[in-house]
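# Summary of the model geometry
The chain contents come next:
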Amino acid sequence: MCSVCGCHNEQSRLISIEQDILSKNNRYATINRDYLNERNIFCLNLVSSPGSGKTTLLCETIKALGHETPITVIEGDQQTSFDAERIRKTGVKAVQINTGKGCHLDGQMVGRAIDELKPESHSILFIENVGNLICPAAFDLGEAKKVVILSVTEGTDKPLKYPDMFHAADLMILNKTDLLPYVDFDIELCFQYALQVNPDIQILTLSATRGDGMKSWLNWIEQHRE
Amino acid sequence: MHELSLCEDMIDLLRERAKVDHYSQIKSIQIEIGKLSCVESYALIFAFSAAAKGSLAENATLKINEIPGQGWCDQCASEVTIEQRFDTCPHCDYYPLEIRQGDKMRIKYVEVI
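What you see is a predicted model, and the numbers here were worked out from it, not measured in a lab.

## Description of the pairing of strand E4 (residues 78-82) of chain B
The side chains of a regular strand alternate, residue by residue, between the two faces of the sheet. The side-chain alternation of E4 of chain B yields one buried face, formed by Ser78, Val80 and Ile82 of chain B, and one unburied face, formed by Glu79 and Thr81 of chain B. Hairpin remark: strand E3 (residues 69-73) of chain B followed by E4 of chain B, antiparallel, with four residues in the connecting loop; positive phi at Ala77 of chain B, about 55°.

Okay, structure coming up:
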């Protein structure tokens, strides 16, 4: 009740906030980034639509890097821990995050997973984000680089259809190139679209199942770790 | 549906501010959504009513001010209005344009009791 006249109109007031809606996420991402940088842990955030071959690529990458480089993995999926189990079979430590109704990983979730994993210094931390080319684009996790994986079984025009993700990524990997003879996919046009959205994006082509192009990918990792 | 988690984050942020600015109920929230940010205003309003339930923002009105996208063309040395991130300069077709406005999402102010 109003204290002046006893009416039931409560006095409202305006408060200036001036904060980015993502500021809470970005705070957590900064904490993650500082933690990883202090320990010289190279963190890659892998994003793609479902079925691009992210988990296969990750398993093959872990096998190829051998046991010389310590590796840990954060797996994001809406439900199940199937992918984390596949990763653990390669011999590395993986933590599964189930996002439930959520469609992406956020900075806070990744922070909790890092606490649990405790990756060692001078190691590589892979984050396999939820298969989704829209939402993960907006959420900084504290990673060093974002890698978007596209496969030749998808549409050539995906970079234009999901520009935010390709704009945010540092590297685009075109996977499943062994299937090119069987699908209608225009590589040159796809690259042109990706560069139109992000002129600085780097591009690699590979087949994780057959091993073609894996060396370039491993070289890219080594170059950017330094 | 990342609009739902953005709404949850927004309410968390306003809950933190409630302690500092001493309010217990929010009547309206004014936000700015850039046309180039990856958010759909319609989905944000839809998600907001669900996220606000049982919070200090329950029954609050979400007022959205859409900010148009603006880019800078190096070739023409002029500022141009753009609809998408990958738009080319409408005068000379040059790209990439430097994004100058329209890729942010900000809470401007709240009306509180």
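Now that the structure is up, let's keep going.
## Comments concerning the sheet that holds strand E1 (residues 26-34) of chain B
Pairing is mixed across the open sheet formed by four strands, whose spatial order is E1(A)-E6(B)-E1(B)-E2(B). Among the strands making up the open sheet, the edge pair consists of strand E1 (13-20) of chain A together with strand E2 (61-67) of chain B. When strand polarity is set aside, the average angle formed by the axes of neighbouring strands in this sheet is 20°. Across seven bridges, E1 of chain B lies against strand E6 (residues 105-112) of chain B in antiparallel orientation. Following the sheet pairing, Gln30 of chain B is matched in E6 of chain B by Tyr109 of chain B. The strands that helix H1 (residues 2-21) of chain B touches are E1 of chain A together with E1, E2 and E6 of chain B; relative to E1 of chain A, the one it contacts most, it runs at about 125°. Of the strands in this sheet, E1 and E2 of chain B are in contact with helix H2 (residues 41-52) of chain B, which crosses E2 of chain B at around 165°.

## Observations concerning the environment of Gln25 of chain B
Residue and element names in this part refer to chain B. When you line up the elements, Gln25 lands in the loop between H1 and E1. Of the residues examined, Gln25 reaches a relative accessible area of 35% and is grouped as partly exposed. Ignoring anything within four residues of it in the chain, the contact list for Gln25 reads Leu56, Glu111, Val112 and Ile113.

## What to know about the packing of aromatic side chains
All names here are of chain A. Throughout the structure, instances matching the rule amount to one aromatic pair over all chains. Seen in terms of ring centroids, Trp217 and Trp220 are 6.0 Å apart; in terms of plane orientation they differ by 20°. Their pairing is stacked. Residue Trp217 and its partner Trp220 are both found in helix H8 (residues 214-225); the two are separated by three residues, about one turn of the helix. Its guanidinium or amino end placed over the ring of Tyr35, Arg39 lies 3.7 Å from that ring's centre, counting from NZ or CZ.

## Section: the sheet that holds strand E5 (residues 98-101) of chain B
Residue and element names in this part refer to chain B. Spatial strand order, E4-E3-E5: three strands in an open sheet with antiparallel pairing. At either end of the open sheet lies a strand with only one pairing partner, and these are E4 and E5. Taken over all neighbouring pairs, the strand axes of this sheet differ in orientation by 40° on average, direction set aside. Taken together, the five bridges between E3 and E4 define a ladder with antiparallel strand orientation. Bridge pairing in E4 places Gln70 opposite Thr81.

## Here we look at the environment of Ile97 of chain A
Residue and element names in this part refer to chain A. With respect to the helices and strands, Ile97 occurs in strand E4 (residues 93-98). Along the chain, Ile97 and Lys215 lie 118 residues apart, while their C-alpha atoms are 30 Å from each other. Apart from the residues lying within four places of it in its own chain, the contact partners of Ile97 are Ile74, Glu75, Gly76, Asp77, Leu105, Met109, Val110 and Ala113.

## Remarks on the pattern of salt bridges
All names here are of chain A. Using the criterion set out here, one finds 21 salt bridges over all chains in the structure. The partner of Lys63 in a salt bridge is Glu60, with the nearest N and O atoms 3.2 Å apart. Of this pair, Lys63 and Glu60 both sit in helix H2 (residues 54-65), separated by three residues, roughly a single helical turn. With a relative accessible area of 26%, Glu60 lands in the partly exposed category. Asp212 is the partner of Arg210 in a salt bridge, and the nearest nitrogen-oxygen pair spans 2.7 Å.

## Here we look at the pairing of strand E3 (residues 71-77) of chain A
Residues and elements named next belong to chain A. Burial runs high along E3: seven of the seven residues are buried. The two faces of E3 match: Ile71, Val73, Glu75 and Asp77 on one face and Thr72, Ile74 and Gly76 on the other face are all buried. For E3 and strand E5 (residues 124-128), the ladder comprises five bridges, and the chain directions are parallel. In the sheet register, Ile71 faces E5, and the bridge partner there is Ile124. With six bridges joining them, E3 and E4 adopt parallel strand pairing. Across the sheet, the residue bridging to Asp77 is Asn98, located in E4.

## So, the nonpolar core
Ile26 and Phe48 of chain B are the most contacted members of the largest nonpolar core, which has 34 residues in total. For this core, the secondary structure elements donating two or more residues are E1 of chain A together with H1, E1, H2 and E6 of chain B. The leading source of residues in this core is H1 of chain B, at eight residues. Core analysis: the next-biggest nonpolar cluster, separate from the first, contains 27 residues, Val73, Ile87, Leu171 and Met214 of chain A among them.

## Some thoughts on the interface of chain A and chain B
Every contact between the two is made by 32 residues of chain A and, on the other side, 35 residues of chain B. The junction of chain A with chain B conceals about 3,300 Å² of combined surface from both sides, 59% of it contributed by carbon and sulfur atoms. When the buried area of chain A at its contact with chain B is split by residue, Ile15, Ile17 and Ile21 of chain A rank highest and sum to 22% of it. Run the count over chain A and chain B and you get six salt bridges. In this structure, Arg106 of chain B engages Glu18 of chain A in a salt bridge whose closest nitrogen and oxygen atoms are separated by 3.3 Å. Remark: the boundary between chain A and chain B carries 16 residue pairs in polar contact (both at pLDDT 80 or more). In terms of residue count, E1 of chain A provides more of the side of chain A that touches chain B than any other element does, eight residues in total. In terms of residue class, the side of chain A that touches chain B is made up of 15 nonpolar, nine polar and eight charged. By the bridge criterion, six bridges tie E1 of chain A to E6 of chain B in an arrangement that is antiparallel.

Each value, and the rule that gives it
Residues numbered from 1 in each chain as written. Chains lettered and ligands numbered in written order. Predicted model: local features only at pLDDT ≥ 70, side-chain atom pairs only at ≥ 80, totals over all residues. Heavy atoms only, no water. Buried < 20%, exposed > 50% of the residue type's maximum accessible area, 1.4 Å probe, protein only. Helix = DSSP H or I, 4+ residues; strand = E, 2+ residues; numbered from the N terminus. Pairing = 2+ DSSP bridges. Axes fitted to C-alpha atoms, helices over the stretch in contact; angles between N-to-C directions. Contact = heavy atoms within 4.5 Å. Phe/Tyr/Trp six-rings, centres within 6.5 Å; stacked < 30°, edge-to-face > 60°. Lys NZ or Arg CZ within 6 Å of the ring centre and 35° of its normal. Salt bridge = Lys/Arg side-chain N within 4 Å of Asp/Glu carboxyl O. Core = buried A, V, L, I, M, F, W, Y, C linked by side-chain atoms within 4.5 Å. Buried area = accessible area lost by both parts, 1.4 Å probe. Polar contact = N/O pair within 3.5 Å; in protein donor to acceptor, adjacent residues only side chain to side chain. Nonpolar A, V, L, I, M, F, W, Y, C, P; charged D, E, K, R; others polar.

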